[in-house]
Amino acid sequence: IEGWIILVSGVHEEAQEDDLHNAFGEFGEIKNLHLNLDRRTGFVKGYALIEYEKFEEAKNAISTMDGTELLTQTINVDWAFSNGPSTGAFKRKNLRFVSINMLLSLG
Amino acid sequence: MAAEEDSGEFYLRYYVGHKGKFGHEFLEFEFRPDGKLRYANNSNYKNDTMIRKEVFLTPAVLKECRRIITESEIMKEDDNNWPEPDRVGRQELEIVMGNEHISFTTSKIGSLVDVQSSKDPEGLRIFYYLVQVRFEVLCILSYLTPLQDQAYLKNE
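Conventions and cut-offs
Residues numbered from 1 in each chain as written. Chains lettered and ligands numbered in written order. Predicted model: local features only at pLDDT ≥ 70, side-chain atom pairs only at ≥ 80, totals over all residues. Heavy atoms only, no water. UniProt positions renumbered as here; feature names shortened; annotations may be inferred. Helix = DSSP H or I, 4+ residues; strand = E, 2+ residues; numbered from the N terminus. Buried < 20%, exposed > 50% of the residue type's maximum accessible area, 1.4 Å probe, protein only. Areas by Shrake-Rupley, 256 points an atom, 1.4 Å probe, with all protein chains shown as cover. Core = buried A, V, L, I, M, F, W, Y, C linked by side-chain atoms within 4.5 Å. Contact = heavy atoms within 4.5 Å.

An unreviewed UniProt entry lists chain B under the name Protein mago nashi homolog, from Gossypium armourianum. Per UniProt, chain B carries the Subcellular location (unreviewed entry) text "Nucleus". The Sequence similarities (unreviewed entry) comment attached to chain B in UniProt states, word for word, "Belongs to the mago nashi family."

The name recorded for chain A in an unreviewed UniProt entry is RNA-binding protein 8A, from Gossypium armourianum. Quoted verbatim from the Sequence similarities (unreviewed entry) field of UniProt, the annotation for chain A is "Belongs to the RBM8A family."

Set out below in structure tokens:
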């Protein structure tokens, strides 16, 4: 990955690319913007991916825009990709074991 | 049900493929609980390259995936009345989300016409639209370069 990619979630279903450019363009040049549509409804899926060239630009966008309002709706902004595994409640090495376990517990 | 979105296990695997004139052509991706997204695309058409990509996604991305899956209500469906895989191809979708687990197998779906004429148009429609997100996953993956040094895994 060359640039720095952030995830914006909670995007209003009628948002347009321009709305995101306006809100996020001030942090740096937007190299790429993905605002995917829900093919069933025609509205926005609810998230956008924005790529900046520089780390500082993306970081500023995250810290400034996370939890703010865009088109009357609160958005969350965070990194999209990370360096390694996230430590969650479940840390198992053998994934298949987990799936079978789930099946057995469902009865 | 809302609690499932934010806690517990999350795993998703999607496969679409067929075996034909050009060998086993398929696309598969896997969202693992630790955030790793694995992608493989194999076709023997014209050359023998298997493309593999891997990246770690943040919890923010996984949370959004869970939201989309929950909203689709796919976890409430079952594939009992869905068309069986055939020579045209096969799709597999497996999702673990909290305490729920689904594992669907069906044929390729060409269009909404196939959905409407099936025995379970309502359920199959949900599946059809949900797997449209594979195009979005491919979009995300277009940011990544293939793992050149894992070409040897093609022989798995």
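A separate point is the overall build of chain B. Counting secondary structure elements, chain B contains five helices and six strands. Counting helices and strands in the order they occur from the N terminus, chain B gives α-β-β-β-β-α-β-β-α-α-α. For chain B, the proportion of its 156 residues judged to be buried stands at 49%. Roughly 8,000 Å² of accessible area belongs to chain B as shown, and the carbon and sulfur atoms make up 49% of that amount.

Attention shifts here to the nonpolar core. Core analysis: the biggest nonpolar cluster contains 42 residues, and F31(B), I74(B) and I95(B) have the highest contact counts within it. Counting residues per element, this core draws most heavily on helix 2 (residues 59-72) of chain B, at six residues. Non-local contacts of I95(B), meaning those with residues more than four positions away in its chain, are made with F10(B), Y11(B), L12(B), I69(B), I74(B), M75(B), E100(B), H101(B), I102(B) and L130(B). Counting residues in hydrophobic clusters, the runner-up holds 22 residues, among them V11(A), A48(A), Y52(A) and V77(A).

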